[in-house]
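Topology and contacts: notes
Listed below, chain by chain, are the residues.
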Amino acid sequence: VIAEAMARATATVHGFEEAFAFARSPQKSSTFCKKMSKELGYPFYACATAEDAVRNADVVFTQTPGGEWVLEGEWLRPHATIIASGSDQPTKNELPPSVMAKAKFVTDITGQCSRVGELRSAIEAGLMTADDVHAEIGQIINGEKPGRVGNELIVCDLTG
């Protein structure tokens, strides 16, 4: 449900020409891709591995309920944007702290992300502090801070 909502929302903003999806269940991935391809009018490809999906993507969405990383830094394109929205409890974690530490890091609410978001694990690993956050997303939307400037890696930590 969240993946479908993210696909619909981003399709209204970005002119994506193709999409790649991975789920632990190949059936879920296939069903999602067929549904979204038909609804949004561009091809969605079900990938056999998370690595295949990430290596092909400029924008990566993560919505996992677990506590294990879903990608590795070497899979990412240098200019990738990662929208991480699955970590909303202290037991969840989707991204390696090293990826977060080298990215322009954006949060929805920094205080909340430092307690239950991806930022929490980077802080616990000693690789980041709350002061390393570039901006809260509202600051970018309001023009207080810049968003993308060039081809940098961006991580957006969304905890809801």
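Preceding block: the structure.
A brief look at the structure comes next. Predicted model only: the values in this text are computed from it and were never measured.

A separate point is the overall build of the chain. Summing up its helical and strand segments, the chain has seven helices and seven strands in all. The secondary structure elements of the chain, listed N-terminal to C-terminal, are α-β-α-β-α-β-β-α-β-α-α-β-α-β. A compact globule built from 160 residues would reach a C-alpha radius of gyration of about 15 Å, and the chain, at 15 Å, matches this within 12%. On the principal axes, the C-alpha backbone points of the chain span a range of 45 × 35 × 25 Å.

Moving on: the state of the cysteines. Here the structure, examined in full by the defined rule, presents zero disulfides. No disulfide involves Cys-33; its sulfur sits 7.3 Å from the nearest other cysteine sulfur, which is in Cys-47. With relative accessibility at 3%, the residue Cys-33 sits in the buried group. With no disulfide of its own, Cys-156 lies 8.1 Å from the sulfur of Cys-113, the closest cysteine sulfur.

Attention shifts here to the nonpolar core. Of all hydrophobic cores here, the largest spans 22 residues; its most connected members are Leu-71, Leu-76, Ile-82 and Val-155. Looking at this core, the elements that each hand over two or more residues are helix 3 (50-55), strand 4 (81-84), helix 4 (97-102) and helix 6 (118-124). Here Leu-71 is in contact with Val-54, Val-60, Thr-62, Leu-76, Ile-82, Glu-94, Leu-95, Pro-96 and Val-99, once residues within four sequence places are set aside. Counting eight residues, the second-largest nonpolar core is a separate cluster that includes Ala-7, Ala-19, Ala-21 and Phe-32.

This part covers the environment of Val-133. Within the fold, Val-133 resides in the loop between helix 6 and strand 6 (135-136). Along the chain, Val-133 and Pro-26 lie 107 residues apart, while their C-alpha atoms are 35 Å from each other. Other than its neighbours up to four places away in sequence, Val-133 contacts Phe-105, Thr-107, Thr-110 and Leu-119.

Mapping Glu-94 onto the fold places it in the loop between strand 4 and helix 4. Although Glu-94 is buried, it forms no salt bridge, and the closest oppositely charged side chain is Lys-92 at an N-O distance of 7.9 Å. Here Gln-63 takes part through its backbone nitrogen, which lies 3.3 Å from a polar atom of the side chain of Glu-94.

Attention now goes to the packing of aromatic side chains. Overall, the coordinates contain three aromatic pairs when judged by the stated rule. Taken together, the ring pairs in this structure connect Phe-32, Tyr-42 and Phe-44 into an aromatic cluster.

Before going further, it helps to examine the environment of Thr-64. Mapped onto the elements, Thr-64 comes out in the loop between strand 3 (59-62) and strand 4. Of the residues examined, Thr-64 reaches a relative accessible area of 17% and is grouped as buried. Put simply, Thr-64 and Glu-94 are 30 residues apart on the chain and 6.9 Å apart in space, counted from C-alpha to C-alpha. Among all residues touching Thr-64, those that are not within four sequence positions of it are Val-70, Gly-86, Lys-92 and Glu-94.

The rules behind these values
Residues numbered from 1 in each chain as written. Predicted model: local features only at pLDDT ≥ 70, side-chain atom pairs only at ≥ 80, totals over all residues. Heavy atoms only, no water. Helix = DSSP H or I, 4+ residues; strand = E, 2+ residues; numbered from the N terminus. Rg over C-alpha atoms; globule rule 2.2 N^0.38 Å. Disulfide = S-S within 2.5 Å. Buried < 20%, exposed > 50% of the residue type's maximum accessible area, 1.4 Å probe, protein only. Core = buried A, V, L, I, M, F, W, Y, C linked by side-chain atoms within 4.5 Å. Contact = heavy atoms within 4.5 Å. Lys, Arg positive; Asp, Glu negative; His and termini not counted. Salt bridge = Lys/Arg side-chain N within 4 Å of Asp/Glu carboxyl O. Polar contact = N/O pair within 3.5 Å; in protein donor to acceptor, adjacent residues only side chain to side chain. Phe/Tyr/Trp six-rings, centres within 6.5 Å; stacked < 30°, edge-to-face > 60°.

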